[in-house]
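Residues per chain are reported as follows:
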Amino acid sequence: MYLLGSIIAVQAQTISHYEYWLDGDYQGRVTTLSTKTNVNVSLPLNGLPSGLHFFNFRATNNVGEISNVFRTMFYLQDMPSAATLTSSEYWIDDDYSHRVSGDLKDGCMSSVVDLGQQPAGLHFFNLRAFNSNNEVSDIYRTLFYLPDKDIVDVAGYEYWIDNDSLIRVSSADNHSALLLEIDVSSLDEGLHTFSFRAKNSFDEWGDVYSEEFEVMAASSIREMEKGNGTIDVYNLRGEKVLDNANWNELTRLPHSIYIIEGRKIVIK
């Protein structure tokens, strides 16, 4: 750290030298021979304690006359060493007495928060950290909500094609993973939409999942094959069914849904 100062002395006589010192340490003053009336001073402050200090300066001219002492005040702040995050603590709502503390590794916290005993409703998660200088961070607070019902499994589902939700297929199947076989042989050529939703054991329906697919006759696929040359064909699991397929190979495929040229296509 350095204290930089600029002092301008205007007198009839010529300056012969100037001197400066810190606080009351006149014995440790620095004297410099100079005839300049514009003086720049750079003073190292590394050895000074933190707190309030004074910079003192005066000049002497060529006939031995000494100027008044120019004094300015400055404050030296304590500079703590570089700090690293060491630990943290968190608590729910205002229950600080049951806070959970732990060490931080590389400034990161990994913890599983037990919410099993918390009642339903609105809650606050509070977190703060400590560093190696025993300093405490501000409290980070985020809001979360606990429903008043337990998490439930799938209790049924339904699906339909396009906007024909009146002719939908429903099931009470409670498996979380489903593999559906859908007859699309009666659909016209072109783009169609498959829609699906599931419900839980409280008879609450989830959001509708929709995805487009295309029904294409063999003749239309032949036009695609003519324009692109050979074609790679995948099933819905992403497995390659045909590699560089030609027209004859495409016509021998079972009627099903395939991914061709990045499009979901039903061959009928």
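Here, residues in each chain are numbered from 1, in the same order as that chain's written sequence. Given that this is a predicted model, residues contribute local features only at a pLDDT of at least 70 and side-chain atom pairs are listed and counted only at 80 or more, while totals for whole chains, interfaces and linings are drawn from all residues. With hydrogens and water stripped out, all remaining heavy atoms of the structure feed into the side-chain values.

Colleague: Could you give an account of the overall build of the chain, naming the residues involved and the relevant values?
Modeller: Numbering of helices and strands runs from the N terminus; a helix is a DSSP stretch of H or I covering at least four residues, while a strand is a stretch of E covering at least two. Helix and strand counts for the chain come out as two helices and 18 strands. Using a 1.4 Å probe on the protein chains alone, a residue whose accessible area is under 20% of its type maximum counts as buried, one over 50% counts as exposed, and one in between counts as partly exposed. Looking at the 268 residues of the chain, the share that counts as buried comes to 27%. A sequence separation of at least 24 residues applies to 51% of the contacts in the chain between residues at least 6 apart. For the chain, the exposed area adds up to about 18400 Å²; of that, 50% sits on carbon and sulfur atoms. Any pair of residues with heavy atoms lying within 4.5 Å of one another is described as a contacting pair. Residue-level accessible areas treat just the shown protein chains as cover; the underlying method is Shrake-Rupley with a 1.4 Å probe.

Colleague: Requested: an account of the sheet that holds strand 5 (residues 51–61), with residues and values cited.
Modeller: Overall, antiparallel pairing links the four strands, which are arranged 3-2-5-6 in an open sheet. Each having just a single partner strand, strand 3 (30–33) and strand 6 (70–76) make up the two edges of the open sheet. When the angles between neighbouring strand axes are averaged without regard to direction, this sheet yields 20 degrees. Two elements, strand 2 (residues 15–22) and strand 3, share four bridges in a ladder whose sense is antiparallel. Considered in strand 3, the bridge of Glu19 is made with Thr31. Note on pairing: two strands pair once DSSP finds at least 2 bridges between them. Angles shown run from 0 to 180 degrees and are taken between the N-to-C directions of axes, each axis being a line fitted to C-alpha atoms and, for helices, limited to the stretch in contact.

Colleague: Can you break down the layout of surface pockets residue by residue, with the values?
Modeller: In this model, the second largest pocket occupies a volume close to 230 Å³. Site definitions follow a grid-based scheme: protein atoms alone, a 1 Å grid, a 1.4 Å probe that fits but cannot get out for cavities, and for pockets an open set with protein on both sides within 12 Å along at least five of seven lines, plus lining residues having an atom within 4 Å of a point. Around the second largest pocket, the lining comprises 13 residues; the ones closest to its centre are Ile92, His98, Val100, Asp114 and Gln118. With three residues, strand 7 (residues 85–92) is the single largest residue contributor to the lining of the second largest pocket. Grid points are joined across faces, edges and corners, and a volume is the space filled by probe spheres set on the points.

Colleague: Could you give an account of the pattern of salt bridges, with specific residues and numbers?
Modeller: Oppositely charged side chains may form a pair once their charged atoms are brought near each other. Just to be clear on terms, a salt bridge is a Lys or Arg side-chain nitrogen sitting within 4 Å of an Asp or Glu carboxyl oxygen. A full pass over the atoms with the stated rule returns six salt bridges. Linking Arg58 and Glu19 is a salt bridge whose minimum nitrogen-to-oxygen distance equals 2.5 Å. Linking Arg58 in strand 5 with Glu19 in strand 2, this pair joins segments that are 39 residues apart in sequence. When sorted by exposure, Arg58 lands in the same class as Glu19, which is buried. Several salt bridges share partner residues, and in doing so they unite Glu19, Arg29 and Arg58 into one network.

Any link to function would need more than the numbers given here.
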